[in-house]
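Working through the structure, step by step
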2 protein chains.
Amino acid sequence: MLCYYISDINPAGPANASVILGAKRMSTTQTMSTLDPLTHDHDQCIARALDEAERLCAQRGVRLTPLRRRVLEEIWQHHEVVKAYDLIHRLSTEDHTVKPPTVYRALEFLLEQGLIHRIESLNGYIGCSHPALAHQCQLLICRGCGQVEELDDPTLSAALQREAESHGFRVDQQIVEVRGLCPHCAPAGADVSAR
Amino acid sequence: MLCYYISDINPAGPANASVILGAKRMSTTQTMSTLDPLTHDHDQCIARALDEAERLCAQRGVRLTPLRRRVLEEIWQHHEVVKAYDLIHRLSTEDHTVKPPTVYRALEFLLEQGLIHRIESLNGYIGCSHPALAHQCQLLICRGCGQVEELDDPTLSAALQREAESHGFRVDQQIVEVRGLCPHCAPAGADVSAR
DNA sequence: GTCAGAAATGTAATAACATAACATTCTGGT
DNA sequence: ACCAGAATGTTATGTTATTACATTTCTGAC
Ligand SMILES: [Zn+2]
Ligand SMILES: [Zn+2]
Ligand SMILES: [Zn+2]
Ligand SMILES: [Zn+2]
């Protein structure tokens, strides 16, 4: 199962993406399993993620409180990595500043419930695209647009698990993060210097 | 190529390790590619790492200055993850405190030269066990003893690369970290709660 | 409905990790 | 000796995360 959406049209623009204003349709030239910016209804995407979260928490007997739900909603605003202090700023208002522990506790809950993933190499967080089942995922992190594709290739995770076990290692958790350029940013290649 | 050494005898002790005082020999019962604590001459291990670093830097025309060498030496004191601020404390004396940029610049140099690896999930660093060639490695990180085994399975890294490319992703870097228990800590399993 | 305990949230302080900007010193080539 | 570039020193600050404790909210037993 995959989830990779483009919430904003890349300024540089995907060189070969099919863009027909007003007539949403799939891009035909991208090999990446993405939805075209114009085909992706992100409001619906957010709603789906939140509904799924509600459902899972109810089913598990844990509480998706307004605060936790709000944090999850903020994380789902884009398909880009979100930082804890971004959340603090976004949740704060003129008359009420949210303090770090508030956000970190919500993040902790969402991580425990598998509703988000932590991106270790960026100290950031991203919504999980298939939270119903426990899984070891591989994250493709674009340094061009900051967006993240979550893969769940059981063959890969099994191979890594096997390799670790063959060295007598008992695996708790796999952290697999691939840094690079997504298909929308790669064509522009030359102008996307290391970030 | 593998490098996994035990610098300190685990307090809990490997349940089934062969230990013959005074007569260093390989453990016969561990499946992990480790050296028995007693067979591992860590002074020699450090010396080897530093010599290799000297050789590579000379060959590449870069300067392994006393400071950089000193930082590398500290990182190699054990086979455990080292934190930047540990290094700051270890390098500081009564009459001279080392400041963060000093250490971070040395770490940056050592990372560029492939002499150390950064462990993203721990904000730590570890000596690279085969720095002569560029490589994508897999790190097995024990939560029991803090030691790290560096694997370099080209099959695994190729599989991950292929998977990413099949999604149109251009790979810069792979981060593969496996958290769990090493064979010396796993048998004691029950008493090693999550850290 | 009441109430006690548990869970969640609020708050203040601080720890841990990392970098920016600029000054000074060191090094190697001429 | 001189110069330019590399390396290091120094100050300040930015970023990420946790500890400890107070208060509020929720839940289930009665
Ligand atoms: Zn979306
Ligand atoms: Zn991109
Ligand atoms: Zn060693
Ligand atoms: Zn261990």
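Below, the structure is looked at part by part. All figures in this text were calculated on a predicted structure; none of them were measured in a lab. (Residues numbered from 1 in each chain as written. Chains lettered and ligands numbered in written order. Predicted model: local features only at pLDDT ≥ 70, side-chain atom pairs only at ≥ 80, totals over all residues. Heavy atoms only, no water.)

1. Considering the packing of aromatic side chains
Residue and element names in this part refer to chain A. For clarity, the threshold we go by: Note on ring pairs: Phe, Tyr and Trp rings are taken, using the six-membered ring of Trp, and paired if centres are within 6.5 Å. Classes follow the plane angle, with under 30 degrees stacked, over 60 edge-to-face and the rest tilted. Secondary structure elements follow DSSP: runs of H or I of four or more residues count as helices, runs of E of two or more count as strands, with numbering from the N terminus. Charge-over-ring placement is defined geometrically: NZ (Lys) or CZ (Arg) within 6 Å of the ring centre, and within 35 degrees of the ring normal.
Applying the stated criterion across every chain, the model contains two aromatic pairs over all chains. Ring centres of Y85 and Y104 lie 6.4 Å apart, and the angle between their planes is 65°; this geometry places the pair in the edge-to-face category. One end of the pair, Y85, is in helix α3 (residues 84-91); the other, Y104, is in helix α4 (residues 100-112), with 19 residues separating them in the sequence. Cation over ring: R68 sits above F109, and NZ or CZ is 3.9 Å from the ring centre.

2. Structural notes on the coordination of the zinc ion (ligand 2)
Residues and elements named next belong to chain A. The line we're drawing: Only N, O and S atoms count as donors, using a 2.8 Å cut-off from the metal and 3.2 Å for Na, K and Ca, and because water is excluded some sites may appear unfinished. Working rule for geometry: tetrahedral if four donors all subtend angles between 85 and 135 degrees; square planar for four, octahedral for six, if opposite donors exceed 155 degrees and the others stay between 65 and 115; irregular in every other situation.
Coordination of the zinc ion (ligand 2) by the protein is provided by C142 (SG), C145 (SG), C182 (SG) and C185 (SG), with metal-donor distances spanning 2.2 to 2.4 Å. For the zinc ion (ligand 2), the four donor atoms in the first shell make angles of 106 to 112° at the metal, so the coordination geometry reads as tetrahedral. Coordination of the zinc ion (ligand 2) draws on donor residues from a single chain, spaced C-x2-C-x36-C-x2-C in sequence.

3. As for the environment of V62 of chain A
Keep this limit in mind: We call a residue buried when its accessible area falls under 20% of the maximum for its residue type, exposed when it is over 50%, and partly exposed in between, using a 1.4 Å probe and counting protein chains only.
As for its placement among the helices and strands, V62 of chain A is situated in the loop between α1 (42-60) and α2 (66-75). Residue classification places V62 of chain A among the partly exposed positions, given a relative accessible area of 25%.

4. Some thoughts on the relation of the copies chain B and chain A
This is how the line gets drawn: A least-squares superposition brings the copies together, and it is based on the C-alpha atoms of residues with pLDDT no lower than 70 in both. When checking whether two residues touch, look at their non-hydrogen atoms; a contact exists if any pair is within 4.5 Å.
Once chain B has been moved 0.0 Å along the axis and rotated by 180°, it coincides with chain A to within an RMSD of 0.1 Å. On this basis, the relationship between the two copies can be described by a two-fold rotation axis. Relative to the rotation axis, the closest C-alpha in chain B is found at V176 of chain B, a distance of 2.3 Å. Of the interface residues in chain B, 100% have counterparts in chain A that sit at the interface too, so the contact is made through matching surfaces.

5. With respect to the sheet that holds strand β1 (residues 82-83) of chain A
Backbone-to-backbone hydrogen bonds pair the strands of a sheet. The strands run either parallel or antiparallel. All names here are of chain A. As a reminder, the rule being used: Paired strands, as defined in this entry, are two strands with at least two bridges between them according to DSSP. Axes, fitted as lines to C-alpha atoms, cover a helix only where it is in contact. Angles between the N-to-C directions of the axes lie from 0 to 180 degrees.
The three strands lie next to each other as β1-β3-β2, forming an open sheet whose pairing is antiparallel. Edge strands, defined here as strands with exactly one partner in the open sheet, are β1 and β2 (116-119). For β1 and strand β3 (residues 124-127), the ladder comprises two bridges, and the chain directions are antiparallel. Across the sheet, residue K83 finds its bridge partner in β3, namely G124. Its contacts with the sheet put α4 on β2 and β3, and the angle it makes with β2 is roughly 115°.

6. A closer look at the sheet that holds strand β4 (residues 138-142) of chain B
One open sheet holds the six strands; their spatial order is β5(A)-β4(A)-β6(A)-β6(B)-β4(B)-β5(B), and the pairing between them is mixed. Both edges of this open sheet fall to β5 (148-151) of chain A together with β5 (148-151) of chain B, since each of them pairs with a single strand only. Averaged over all adjacent pairs, the angle separating strand axes in this sheet is 20°, with direction ignored. Across four bridges, strand β4 (residues 138-142) of chain A lies against β5 of chain A in antiparallel orientation. From the neighbouring strand, L139 of chain A faces β5 of chain A, where its bridge partner is E150 of chain A. With respect to the sheet, helix α5 (residues 154-166) of chain A is in contact with β4 and β6 (170-181) of chain A together with β4, β5 and β6 (170-181) of chain B, its orientation differing from that of β6 of chain A by roughly 130°. Set on the sheet, helix α5 (residues 154-166) of chain B makes contact with β4, β5 and β6 of chain A together with β4 and β6 of chain B; between it and β6 of chain B the angle comes to about 130°.

7. Notes on α1 of chain A
Residues and elements named next belong to chain A. Stated formally: Multiplying 1.5 Å by the residue count of a helix minus one yields the expected span of that helix. Note that the arc is defined by the directions from the helix axis to the C-beta atoms. Counted as a polar contact is a pair of N or O atoms within 3.5 Å, where, for protein atoms, one must be capable of donating a hydrogen and the other of accepting one, and residues adjacent in sequence contribute only when both atoms are in side chains.
Along its 19 residues, α1 runs 27 Å from first to last C-alpha, staying within 8% of the 27 Å computed at 1.5 Å per residue. Within α1 the residues assigned to the buried category are H42, C45, I46, A49, L50, A53, L56 and C57. Summarising the axial view, the buried residues of α1 lie within an arc of 130°, below the 170-degree limit, and thus occupy one face. Turned more than 90 degrees off the buried face of α1, the exposed positions are D43, A58 and Q59. Taken together, the buried residues of α1 touch α2 and α4. Where α1 begins, one side-chain oxygen reaches toward the backbone nitrogen of D43, 3.2 Å away; that side chain belongs to D41.

8. Details of the packing of α2 of chain A against α3 of chain A
All names here are of chain A. Under the convention used in this document: What sets the label is the angle itself: under 35 degrees gives roughly parallel, over 145 gives roughly antiparallel, 65 to 115 gives roughly perpendicular, and the rest give oblique. Here is the rule for handedness: rotate from the far helix to the near one, and if that takes an anticlockwise turn smaller than a right angle the crossing is left-handed, while a clockwise turn gives right-handed. Three categories are distinguished: nonpolar for Ala, Val, Leu, Ile, Met, Phe, Trp, Tyr, Cys and Pro, charged for Asp, Glu, Lys and Arg, and polar for the others, with Gly belonging to the last.
It is the contact of α2 with α3, at a shortest axis distance of 11 Å, that shows an interaxial angle of 115°. Here α2 lies roughly perpendicular to α3, going by the angle between them. The interaxial crossing formed by α2 with α3 has right-handed handedness. In this structure, α2 contributes L67, R70, V71, E74 and I75 to the contact, and α3 contributes L87, R90 and L91. In terms of residue class, the contact of α2 with α3 is made up of five nonpolar, no polar and three charged.

9. Focus on the interface of chain B and chain A
The cut-off we apply is this: What gets called buried area is simply the loss in accessible area from a 1.4 Å probe that two parts show on being joined, summed for both. Salt bridge, as used here, is a side-chain nitrogen of Lys or Arg placed within 4 Å of a carboxyl oxygen of Asp or Glu.
On the side of chain A, 40 residues touch chain B, which itself brings 40 residues to the contact. Summing the contributions of chain B and of chain A, the shared interface buries around 3,200 Å²; its carbon and sulfur component is 60%. Considering only the side of chain B, the residues that lose the most area to chain A are H167, F169 and R170 of chain B, jointly responsible for 22% of the buried surface there. With a shortest N-O distance of 2.5 Å, R143 of chain A and D172 of chain B are connected by a salt bridge. The tally of links between chain B and chain A comes to twelve residue pairs in polar contact (both at pLDDT 80 or more).

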